[in-house]
Amino acid sequence: MKNLVLLFGAFALIGCGEKNESGAGAAEAADSSADSQAAGNQTEESSADSAELADNGIALPLSDADVERLLKEAIDMESLEQRDDLLYQNNEPFSGWIKMEADDEGVMVGLVKSGKANGPWCALHEDGRKMVEGLFKDGKKDGPWTFYTDDGLKKFMEQTHKDGEYVRLRYWHDNGKKQVEVIMKDGENISEKFWNSGGIEVETREESTK
């Protein structure tokens, strides 16, 4: 999963012109958590922005039918040329759905407008199960990015971005109750809250594992 998830961070560089070091680190940390943390499912009502309509009438989370259609419609990224931080086809900035594979781990599919990532993106296992999904806006991650358990059915972590910057990180226990919420600004944590599996707020991350 790591190679495919890290591709999201690398692809975010297309159209934004500079590398976000903290973003790459966070993506790698997220993958480490995916391998080590028990699966969780959010039972609380999702925030309004998590249901934001993407382009072409597609809403997040993507349905199986959406994914199947997009994979058929998307073209291979290898067929495009990358220059000046944009993707080109026949010397014109490309607009449309693209896909790319990563080390036999699965495939990533997403929307590009005028050469930049702009719209919904999703990383999938080889059998179509979802790993991660979220939105790019003008080449930068924007809004909530959801990380799914191995079965692709439940989310255990959500990273929220604004203009490519991390603003919130949340985890859930395997019973669906919230475990961790971190609020960030300018790359720094400004608040942290923790809950144990019974839904009781506790003082430390270690206590939240109980």
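Residues numbered from 1 in each chain as written. Predicted model: local features only at pLDDT ≥ 70, side-chain atom pairs only at ≥ 80, totals over all residues. Heavy atoms only, no water.

## What to know about the confidence of the model for the protein
Right, so step 1: Per-residue confidence for the protein gives a mean pLDDT of 78, with 73% of residues at or over 70.
Right, so step 2: Every residue in residues 15–54 scores below 50 in pLDDT, and together they form 76 contacts with partners more than four places removed in sequence or on other chains. (pLDDT = per-residue confidence, 0-100. Contact = heavy atoms within 4.5 Å.)

## Some details on the nonpolar core
Right, so step 1: Counting 26 residues, the largest nonpolar core has Ile98 and Trp121 as the members making the most contacts within it.
Right, so step 2: When residues of this core are traced back to their parent elements, those giving at least two are strand 5 (96–101), strand 6 (106–113), strand 7 (116–125), strand 8 (130–137), strand 9 (140–148), strand 10 (155–162), strand 11 (165–172) and strand 12 (178–185).
Right, so step 3: Counting 13 residues, the second-largest nonpolar core is a separate cluster that includes Leu62, Ala74, Trp97 and Leu124. (Core = buried A, V, L, I, M, F, W, Y, C linked by side-chain atoms within 4.5 Å. Buried < 20%, exposed > 50% of the residue type's maximum accessible area, 1.4 Å probe, protein only. Helix = DSSP H or I, 4+ residues; strand = E, 2+ residues; numbered from the N terminus.)

## Notes on the sheet that holds strand 3 (residues 86–89)
Note: strands within a sheet are paired through backbone hydrogen bonds, in either parallel or antiparallel orientation.
Right, so step 1: Across the sheet, three strands lie side by side as 2-3-4; this open sheet has antiparallel pairing. Of all the strands in the sheet, just strand 2 (81–83) and strand 4 (92–93) have a single pairing partner and so form its edges.
Right, so step 2: In terms of strand pairing, strand 2 meets strand 3 through three bridges, oriented antiparallel. Opposite Arg83, over in strand 3, you have Leu86 as the bridge partner. (Pairing = 2+ DSSP bridges.)

## Looking at the sheet that holds strand 10
Right, so step 1: In spatial order, the strands read 1-5-6-7-8-9-10-11-12-13-14; together these 11 strands make up an open sheet with mixed pairing. The sheet terminates laterally at strand 1 (75–76) and strand 14 (201–202), the two strands that pair on one side only.

## Brief notes about the packing of aromatic side chains
The description of an aromatic ring pair uses the distance of the two centres, along with the angle that the planes make with each other.
Right, so step 1: Per the counting criterion, the structure on display carries two aromatic pairs.
Right, so step 2: Seen in terms of ring centroids, Trp121 and Phe136 are 5.7 Å apart; in terms of plane orientation they differ by 85 degrees. Their pairing is edge-to-face. Within this pair, whereas Trp121 is found in strand 7, its partner Phe136 is found in strand 8, the two being separated by 15 residues in sequence. The pair Trp121 / Phe136 is uniform in exposure class, with both members buried. (Phe/Tyr/Trp six-rings, centres within 6.5 Å; stacked < 30°, edge-to-face > 60°.)

## Re the side chain of His125
Right, so step 1: Here His125 is to be found in strand 7.
Right, so step 2: In this structure, His125 is in contact with Glu105, Gly106, Lys130, Met131 and Asp150, ignoring residues within four places of it in sequence.

## Details of the pairing of strand 3
Right, so step 1: The antiparallel hairpin formed by strand 2 and strand 3 contains two residues in its connecting segment, where Asp84 sits at a positive phi of about 55 degrees.
Right, so step 2: What sits between strand 3 and strand 4 in their antiparallel hairpin is a turn of two residues, with Asn90 showing a positive phi close to 55 degrees.

## Thoughts on the pattern of salt bridges
Right, so step 1: Summed over the entire model, instances satisfying the criterion amount to 11 salt bridges.
Right, so step 2: Residues Lys72 and Glu68 are paired through a salt bridge, measuring 3.6 Å at the closest nitrogen-oxygen approach. Linking Lys72 with Glu68, this pair stays in helix 3 (residues 64–73), spanning four residues, or about one helical turn.
Right, so step 3: A salt bridge links Arg83 to Glu81; the nearest nitrogen and oxygen atoms lie 2.9 Å apart.
Right, so step 4: Judged by relative accessible area, Arg83 falls into the partly exposed class, the value being 27%.
Right, so step 5: Given a relative accessible area of 41%, Glu81 falls into the partly exposed group. (Salt bridge = Lys/Arg side-chain N within 4 Å of Asp/Glu carboxyl O.)

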